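Fold and geometry: a report
The primary structure of each chain is shown beneath.
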Amino acid sequence: MSYPINWDLESIFPGGITSPQLQARIQAVAAEIPTVATAIADWDASTPDFAKLSAILTTLEDVENGLSTAGTFANMIQSADTANEQAGVVMNQVQTVATSAAAATTELQKKLVAMSDDDFARLCADSAFTTIAFNLTELRQHGQELLDDASEALINNLAIDGFQGWGNHYDLLSGEQRFTMADGSELSAGQTQNRFESSLDEADRKDTFGRWEATWAKSAPAFADTLNHLAGFRLANYRAHGITDYLQKPLETTRMSRATLDQMWGTVSANKAPFVAYLQQKAKLQGQASMPWYDQWAPVVVGDYQPKTYTFDEAAEFIIDNFGKFSPKMAAFAQHAFEHGWIEAEDRPGKRAGGYMTSVPDTKEARIFMTFDGSASGVSTIAHELGHAFHNSVLKDFPALRRDYAMNVAETASTFAELIVADATVKAATSPAEQLNLLDAKMSNPLAMLLNIHARYLFERKFYDARQHGTVTVPELKAMMTAAQQEGYAGGISTFDPMYWADKLHFYITDVAFYNFPYTFGYLFSSGIYAKAQAGGGDFEAAYIALLQDTANMSTEELAQKHLGVDLTQPDFWQQGIDLAAKDAQQFIDLSQQYL
């Protein structure tokens, strides 16, 4: 079967960014907000009418679904065509409406705070609200941090051209970057990154990375200005709400404790030796005395072996087949996504770098963005994003509040799906040389999660520590990033990427602060789930879906205890996930000896 390599957006809003249906949806949402705001203002928290509250929540859900659908549609248009200026106009329009919606939600939170404890307990016990009782409790708790109405409204309005504006500014700046190669050709960021990470020619990788670094460096002052203003707005907002610890909100957002976070990173820090050894061995195979930054992703090719390349159709069939070995529902879902054009995978100029899954609440669907280069790593990326989409699908019929799972557990389903496919590619190898190449591709995940993302976390800690005392300059940002990479990689690499703070989108995302540690959590959490799946016994598929359905319904620690029977504040759980990856590292080292 031939699957479409471009996504279908016409079924969401026909006509692209100028779609009349898109504007109609935005206007319909905008018209609902004053009505629901009045209903919230009239709702009496001292004698709460539960039926009226239910109607309010229903309207707010439609508002959220509409804004999310319209906003993600515009973002998808811009991701696939960075030159599309109208997409930015629509995103700003959506953010303006969203500000009004946020003001209504803020007022509802204050009403929940004003309820007596007894009335709120009755509310949570009412059959109409039990599904979202945990989420209402969260809203009430967070509502206790709110300022007066005028102050909250002012902050939300200033955020349109301030906080959100700077985030949009980064999207514009990064989308404009063009990378001129030695032959005079011009590549997009996504194409350039694919080239220096996957080229079989070491000289080409080095040259491409040099051009990558130099291009980002030319705009370093603009990126530094953007990053400083984003963080400055966030910190000022925290201070206004009495928050002095910049990790408080990221931890609240991920529903996890500081004890869990510290235990995870402490266990990771104590177990870097196997991965440093892997990098050193890989450098030897590449004929290098040590591992330079740009070569850490390079394919390992030994003897006369050439890495296998997949067509998009082959990748699709491989993913569907291997998903089916763990969950027929996952396989059927993936096939539906491929058949119905949910994936934008074409390798062409003008696309944004990176990949993501985005939900489309109005249609109860999802879409996936990436640039497929035919590599085994590219196949794993598709699987990763399909894992996100499957998670989204098992929650699609729940209320919006119950679908609001945190980023750390969001990375669980994606990484689990990626583990399935990466493991399958290694097992399907027909020669030691191919197995070595695929083991290396599989190792890219723990390398990213345990070394690279740790470096990102360390950088962001250093940056926010400094930003609390003033603007951080370009030389300081570069020095901070280099120091973080030295510590995060524990001596495993010999050169660094000082401009990583500019070229990595994650540092500029406004929705989530510290867009790093949740990835490592998700990787190690999914390793525990994968081990359980391999052990067999019981109905794994049903248990797995039950876990995913609870991801927005309890704290991270409670989720782990209920579904896996583990204590995340202890090292044992984290150690088992690291040990699984360390076995792959050792297998790579052992297998590679014959090629040195």
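Right above here is the structure, for reference.
Residues numbered from 1 in each chain as written. Predicted model: local features only at pLDDT ≥ 70, side-chain atom pairs only at ≥ 80, totals over all residues. Heavy atoms only, no water.

With that settled, consider the overall build of the protein. When you go through the protein residue by residue, the secondary structure sums to 24 helices and five strands. For the C-alpha atoms alone, the extent of the protein along its principal axes is close to 75 × 55 × 50 Å. Counting over 596 residues, the protein shows a buried share of 56%. Considering only contacts in the protein between residues 6 or more positions apart, those separated by 24 or more positions represent 77%. Across the protein, the mean location of the 42 positive side-chain charges is 3 Å away from that of the 74 negative side-chain charges. (Helix = DSSP H or I, 4+ residues; strand = E, 2+ residues; numbered from the N terminus. Buried < 20%, exposed > 50% of the residue type's maximum accessible area, 1.4 Å probe, protein only. Contact = heavy atoms within 4.5 Å. Lys, Arg positive; Asp, Glu negative; His and termini not counted. Charge placed at Lys NZ, Arg CZ, Asp CG, Glu CD.)

With 30 residues, helix H3 (residues 85–114) should cover 44 Å at 1.5 Å per step; its first-to-last C-alpha distance of 44 Å lies within 8% of that length. A distance of 3.2 Å separates the backbone nitrogen of Gln 86 from a side-chain oxygen at the start of H3, and that oxygen is part of Asn 84. (Expected span 1.5 Å × (residues − 1). Polar contact = N/O pair within 3.5 Å; in protein donor to acceptor, adjacent residues only side chain to side chain.)

Looking now at the pairing of strand E4 (residues 356–360). Counting buried positions along E4 yields four of five residues, so the element is predominantly enclosed. Alignment of E4 against strand E5 (residues 365–369), held across five bridges, turns out to be antiparallel. What sits directly across from Tyr 356, in E5, is Phe 369. In this antiparallel pair of consecutive strands, E4 and E5, the connection spans four residues, and Lys 364 shows a positive phi of 55°. (Pairing = 2+ DSSP bridges.)

In this section: the sheet that holds strand E3 (residues 343–344). Pairing is mixed across the open sheet formed by three strands, whose spatial order is E3-E5-E4. Whereas interior strands pair on both sides, the edge strands pair on one side only; in this sheet they are E3 and E4.

Put simply, the second largest pocket is a space of about 290 Å³. Taken together, 15 residues form the lining of the second largest pocket, with Gln 78, Glu 85, Gly 88, Asn 168 and Leu 172 sitting closest to its centre. Elements supplying a minimum of two residues to the lining of the second largest pocket: H3 and helix H7 (163–176). A per-element tally of the lining of the second largest pocket places H7 first, with seven residues. For the lining of the second largest pocket, the residue count by class is three nonpolar, eight polar and four charged. (1 Å grid on protein atoms, 1.4 Å probe; cavity = no way out; pocket = protein on both sides within 12 Å on 5 of 7 lines; lining within 4 Å. Points joined across faces, edges and corners; volume = space filled by probe spheres on them. Nonpolar A, V, L, I, M, F, W, Y, C, P; charged D, E, K, R; others polar.)

Moving on to the packing of helix H13 (residues 273–285) against helix H18 (residues 432–467). Two numbers describe how H13 lies on H18: the axes approach to 11 Å, and their chain directions differ by 135°. One finds that H13 runs oblique with respect to H18. Helix-helix and strand crossings are classified by hand; for H13 and H18 the assignment is left-handed. Facing Phe 275, Tyr 278, Leu 279, Lys 282 and Leu 285 of H13, the residues of H18 in contact are Leu 436, Asp 440, Met 443, Pro 446, Leu 447, Leu 450 and Leu 451. By residue class, the composition of the contact of H13 with H18 is 10 nonpolar, no polar and two charged. (Axes fitted to C-alpha atoms, helices over the stretch in contact; angles between N-to-C directions. Parallel < 35°, antiparallel > 145°, perpendicular 65-115°, else oblique. Left-handed = near helix turned anticlockwise from the far one by under 90°.)

Turning our attention to the side chain of Arg 255. Relative to the elements of secondary structure, Arg 255 occurs in the loop between helix H11 (248–253) and helix H12 (258–269). One polar contact links Arg 255 to Glu 138, side chain to side chain, over a distance of 2.6 Å. For Arg 255, the residues in contact, after removing those within four places along its chain, are Phe 134, Asn 135, Glu 138, Asp 404, Tyr 405, Ala 406, Thr 551, Ala 552, Met 554, Ser 555, Thr 556 and Glu 557.

Two side chains bearing opposite charge may form a pair once their charged atoms approach each other closely. Per the counting criterion, the structure on display carries 26 salt bridges. Between Arg 205 and Asp 295 there is a salt bridge; the shortest N-O distance is 2.6 Å. One end of the pair, Arg 205, is in helix H9 (residues 202–218); the other, Asp 295, is in the loop between H13 and helix H14 (312–323), with 90 residues separating them in the sequence. A residue is classified by how much of its surface remains accessible, and Arg 205, at 4% relative accessible area, is buried. Residue Asp 295 is classed as buried on the basis of its relative accessible area, which comes to 0%. Connected through salt bridges with shared partners, the residues Glu 344, Glu 346, Arg 348 and Lys 351 form a single ionic network. (Salt bridge = Lys/Arg side-chain N within 4 Å of Asp/Glu carboxyl O.)

This brings us to the packing of H14 against helix H16 (residues 376–395). Running from N to C, H14 and H16 cross one another at 55°; their axes reach a closest spacing of 10 Å. By the angle between their axes, H14 is oblique relative to H16. Seen from above, H14 lies across H16 with right-handed handedness. Residues Phe 312, Ala 315, Phe 318, Ile 319 and Phe 323 of H14 form the contact with H16, whose own contacting residues are Val 379, Ile 382, Ala 383 and Leu 386. A breakdown of the residues in the contact of H14 with H16 according to their chemical character gives nine nonpolar, no polar and no charged.

Let us look at the packing of aromatic side chains. In total, this model carries 45 aromatic pairs according to the counting rule given. Residues Phe 573 and Trp 574 carry aromatic rings whose centres are separated by 5.3 Å and whose planes lie at 75° to one another, so their mutual orientation is edge-to-face. On the accessibility criterion, Phe 573 (4% relative accessible area) is buried. Stacked on the ring of Phe 120, the Lys or Arg Arg 140 has its end atom at 4.6 Å from the ring centre. Over the ring of Phe 398 we find Arg 402; its NZ or CZ atom is 4.6 Å from the centre of that ring. (Phe/Tyr/Trp six-rings, centres within 6.5 Å; stacked < 30°, edge-to-face > 60°. Lys NZ or Arg CZ within 6 Å of the ring centre and 35° of its normal.)

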